[in-house]
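What the coordinates show
Spelled out from the first residue to the last, the chains are:
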Amino acid sequence: MPGVKGFISFEGIEGSGKSTQAKLLAEVLRGRRHQVLTTFEPGGTRIGQKIRTLLLEPQNHMDPITELLLYYASRAQHVREVIYPALLKNTVVITDRFTDSTVAYQGYARGLDLSIITALNDIVVPDMKPFLTFLLDMDVEEGLRRNRHAQKEDRFELENIEFHNRVRKGFLSIASEDPERIKVIDASRSTEEVSKDINKVIEELWR
Ligand code: TMP
């Protein structure tokens, strides 16, 4: 299922507004009479939710390979239990994060060899790619500030600023390699302005 139509992902650094924009896009598409499911990673299933807790609890000191495998364990369950069945019923699936996050966080930021991630991806979710990805890009410090206001402090938010800058650079590098699928949106602006840009892309691509 290469570039599955109806499968959309949102990606970006902490505090970039992915969840809000995913919900807004879902409303727009529902207004056009599409069945829409919004979901997220890590999580999206009962098992995924438990894995999410393991991954994000600040007291868990985790080996990078353990971390990678847990993200893929959550993804394996999520794809088989939620995403794939919904797509088969022609439901549009909007996910807050997918494989690009693993490449950016575990690859570019954590420093795992990208070939390990590619190999794992080929085993767990072969050919399962969103047909459209919105990368909400903004300054890392501003994103973290937004999240602190929301009193979020998980294992990743506690990483230093260099880590988060590597994540951002990673995302931008992935986007430059796949500009047709990944649309980079300036997320430093208001919710309304960002949403307008996203709707414009949808308008152009999804007639
Ligand atoms: P969230 O805050 O967007 O819900 O995501 C939880 C954290 O998990 C966030 O810091 C990014 C991180 N993450 C990875 O490191 N690798 C992944 O593959 C995914 C999906 C998320």
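Here goes a summary of the coordinates provided. All of these numbers come straight from a predicted model, not from anything done at the bench. (Residues numbered from 1 in each chain as written. Predicted model: local features only at pLDDT ≥ 70, side-chain atom pairs only at ≥ 80, totals over all residues. Heavy atoms only, no water.)

Details of the overall build of the protein chain
From N to C terminus, the protein chain includes eight helices and five strands. When the helices and strands of the protein chain are placed in sequence order, the string is β-α-β-α-α-β-α-α-β-α-α-β-α. Out of the 207 residues belonging to the protein chain, those deemed buried represent 48%. Surface accessibility of the protein chain: about 10,400 Å² in total, with carbon and sulfur atoms responsible for 52%. For the protein chain, the distance from the average position of its 29 positive side-chain charges to the average position of its 31 negative side-chain charges is 5 Å. (Helix = DSSP H or I, 4+ residues; strand = E, 2+ residues; numbered from the N terminus. Buried < 20%, exposed > 50% of the residue type's maximum accessible area, 1.4 Å probe, protein only. Areas by Shrake-Rupley, 256 points an atom, 1.4 Å probe, with all protein chains shown as cover. Lys, Arg positive; Asp, Glu negative; His and termini not counted. Charge placed at Lys NZ, Arg CZ, Asp CG, Glu CD.)

What to know about the nonpolar core
Counting 40 residues, the largest nonpolar core has Ile 8, Phe 10, Leu 25, Leu 29, Ile 94 and Phe 134 as the members making the most contacts within it. Apart from residues no more than four positions distant in its own chain, Leu 29 is found in contact with Ile 8, His 34, Val 36, Val 92, Ile 94, Ile 202 and Trp 206. Membership of the second largest hydrophobic core comes to 15 residues, among which are Phe 7, Val 79, Leu 87 and Val 125. (Core = buried A, V, L, I, M, F, W, Y, C linked by side-chain atoms within 4.5 Å. Contact = heavy atoms within 4.5 Å.)

Details of the pattern of salt bridges
Per the stated rule, a full pass over the model turns up 14 salt bridges. Linking Arg 30 and Glu 27 is a salt bridge whose minimum nitrogen-to-oxygen distance equals 3.0 Å. Taken together, the residues Arg 30 and Glu 27, both in helix H1 (residues 18–31) and three residues apart, mark about one turn of the helix. Taking the relative accessible area as the measure of exposure, Arg 30 reaches 35% and is therefore partly exposed. Between Lys 129 and Asp 178 there is a salt bridge, with its nearest N and O atoms 3.9 Å apart. Remark: Asp 178 occurs in the loop between helix H7 (161–177) and strand S5 (182–186) and Lys 129 occurs in the loop between helix H5 (114–124) and strand S4 (130–137); sequence separation between them is 49 residues. Relative accessible area serves as the criterion here: at 41%, Lys 129 is assigned to the partly exposed category. (Salt bridge = Lys/Arg side-chain N within 4 Å of Asp/Glu carboxyl O.)

Some details on unusual backbone geometry
For the peptide bond that leads from Glu 41 to Pro 42, omega is -10°, which places it in the cis range. Mapped onto the fold, Pro 42 is located in the loop between strand S2 (36–40) and helix H2 (46–56). Phi is positive for Asn 90, close to 65°, though the residue is something other than glycine. Summarising the element assignment, Asn 90 is placed in the loop between helix H3 (64–88) and strand S3 (92–96). On the basis of relative accessibility, which here comes to 68%, the residue Asn 90 falls in the exposed class. At Arg 97, a residue that is not glycine, the phi angle is positive and equals roughly 85°.

Comments concerning the packing of H1 against helix H8 (residues 191–205)
Their axes nearest at 10 Å, the elements H1 and H8 cross at an angle of 50°. Classified by the angle between their axes, H1 and H8 sit oblique to one another. Both H1 and H8 take part in a crossing whose hand is right-handed. Across the interface between the two elements, Thr 20, Gln 21, Leu 24, Leu 25, Val 28 and Leu 29 of H1 pack against Thr 191, Val 194, Ser 195, Ile 198, Asn 199 and Ile 202 of H8. Taken together, the residues of the contact of H1 with H8 break down into seven nonpolar, five polar and no charged. (Axes fitted to C-alpha atoms, helices over the stretch in contact; angles between N-to-C directions. Parallel < 35°, antiparallel > 145°, perpendicular 65-115°, else oblique. Left-handed = near helix turned anticlockwise from the far one by under 90°. Nonpolar A, V, L, I, M, F, W, Y, C, P; charged D, E, K, R; others polar.)

Regarding the site of the ligand
The environment of the ligand is made up of 15 residues, and the closest members are Glu 14, Tyr 71, Arg 97, Thr 102 and Gln 106. Within the side chain of Arg 52, a nitrogen or oxygen atom sits 2.8 Å from an oxygen atom of the ligand. One of the side-chain nitrogen or oxygen atoms of Thr 102 is found 2.6 Å away from an oxygen atom of the ligand. Put simply, the parts of the chain that give the shell around the ligand at least two residues each are H2, H3 and helix H4 (99–109). (Near = heavy atom within 4 Å. Polar contact = N/O pair within 3.5 Å; in protein donor to acceptor, adjacent residues only side chain to side chain.)

A few points about the pairing of S4
Two faces, one strand: in a regular strand the side chains alternate between the faces of the sheet. The buried count for S4 comes to eight of eight residues, which makes it a mostly enclosed element. Pairing of S4 with S5 involves five bridges; the strand directions are parallel. Within S5, the residue paired with Phe 134 across the bridge is Lys 183. (Pairing = 2+ DSSP bridges.)

It is worth stressing that arrangement in space is one thing and function is another; only the former is reported here.
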